[in-house]
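Reading the structure
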Amino acid sequence: MSNNTEEQITRNVLDSMAHAPDRRLHSVMTSLISHLHAFIREVEPTQEEWATAIQFLTRTGQLCDEKRQEFILLSDITGVTMLVDAINHRSQDGATESTIFGPFYREGAQELPVGATISKDGRGEPVVVTGKVLSTSGTPIAGATLDIWETDENGLYEQQDPEQPDMNLRGKFLTDSAGGYCFVGIKPVSYSILDDGPVGQLLRVLGRHPFRPAHIHLLISANGFAPVTTHLFVKGDPYLDSDAVFGTKDSLIVDFVRHDSAEEAARYNVTAPFYKVAYDFVLKPLSKR
Ligand SMILES: [Fe+2]
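Conventions and cut-offs
Residues numbered from 1 in each chain as written. Predicted model: local features only at pLDDT ≥ 70, side-chain atom pairs only at ≥ 80, totals over all residues. Heavy atoms only, no water. Helix = DSSP H or I, 4+ residues; strand = E, 2+ residues; numbered from the N terminus. Contact = heavy atoms within 4.5 Å. Polar contact = N/O pair within 3.5 Å; in protein donor to acceptor, adjacent residues only side chain to side chain. Phe/Tyr/Trp six-rings, centres within 6.5 Å; stacked < 30°, edge-to-face > 60°. Buried < 20%, exposed > 50% of the residue type's maximum accessible area, 1.4 Å probe, protein only. Lys NZ or Arg CZ within 6 Å of the ring centre and 35° of its normal.

**A closer look at the environment of Asp 85**
Among the secondary structure elements, Asp 85 is positioned in helix 5 (residues 80–87). Aside from chain neighbours lying at most four places away, what touches Asp 85 is Ser 98, Thr 99 and Lys 249. Within the structure, Asp 85 has its side chain in polar contact with the side chain of Ser 98 (distance 2.7 Å).

Here it is in structure tokens:
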């Protein structure tokens, strides 16, 4: 092992790990070293370029604290988060597709009655979302929980914006005995991910924008079923084909249908104009995983 030439160094590093007691870790690190060395051989970085890469990763780590996770953002904008998600959600048997969880979920959203609004500040255009939560066999699931969160009309989540009431635009809803649900939110807007750090810099030098297409986040769960973390995207959004974090899935893009009737708005306790969305969510029984 003493002769660490360009030809032999990869073998030497792999051999050094041969006795790692954790075989999964051994397998992961063997793959990582093999790919990393292959990458370096292909790119042939100068020492200045390698120092730049180290500095980038250092700044990415230095920006992480309880409130901000720049490494998750890096994973998101390189498509790795969604690739890991896809690998872990194969063979869904028709269950609702999952997408990125994101950094803005908060535990403890209030449980609200059928048809209530999650808006506490009355801003934005109301949207009435209705549908059912079903099993992959088609059976309605009573008592399923929909935990919902979205930004205000300014594109900011409540914890990013001191002007918004605490827990604004968050709420939990339970399905009724027929699996039905109904909640009122606001028509979501496209927004920029945090781009004032190294990840934002990387997007700029790559000629990419930092925007996500408008979406409502949902975490849907029920006893005996695999939970799903998903979004509802707005059909026609200009960023659907260039989501900065690659979170879009065709099956999650829905029509937000505009209604101008004040009479109909009153039925849902909202003001016109408002939007309606109809969407059924499908969960996979845990026994079939
Ligand atoms: Fe989001």
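**Observations concerning the packing of aromatic side chains**
Going through the model one piece at a time under the given rule, you end up with 11 aromatic pairs. On the numbers, 4.8 Å between centres and 65 degrees between planes, the contact of Tyr 105 with Trp 149 is edge-to-face. Within this pair, whereas Tyr 105 is found in the loop between helix 5 and strand 1 (126–135), its partner Trp 149 is found in strand 2 (residues 145–149), the two being separated by 44 residues in sequence. Judged by its relative accessible area of 0%, Trp 149 is buried. Taken together, a centroid distance of 5.5 Å and an interplanar angle of 85 degrees make the contact between Tyr 157 and Tyr 191 edge-to-face. In this pair, Tyr 157 is assigned in the loop between strand 2 and strand 3 (170–174) and Tyr 191 in strand 5 (residues 191–192), connecting sequence segments 34 residues apart. The buried category is assigned to Tyr 157, whose relative accessible area is 0%. An aromatic cluster of three or more residues is present, and its members are Phe 173, Tyr 181, Phe 183, Tyr 279 and Phe 281. The ring of Tyr 275 carries Lys 187 above its face, with NZ or CZ at 4.9 Å from the centroid.

**Details of the environment of Leu 240**
Looking at the element boundaries, Leu 240 is found in the loop between strand 8 (228–234) and strand 9 (253–254). Sequence separation of Leu 240 and Gly 138 is 102 residues, and the distance between their C-alpha atoms is 29 Å. Not counting residues within four places of it along the chain, the set of residues in contact with Leu 240 comprises Pro 213, Phe 233, Val 234, Lys 235, Thr 248 and Ile 253.

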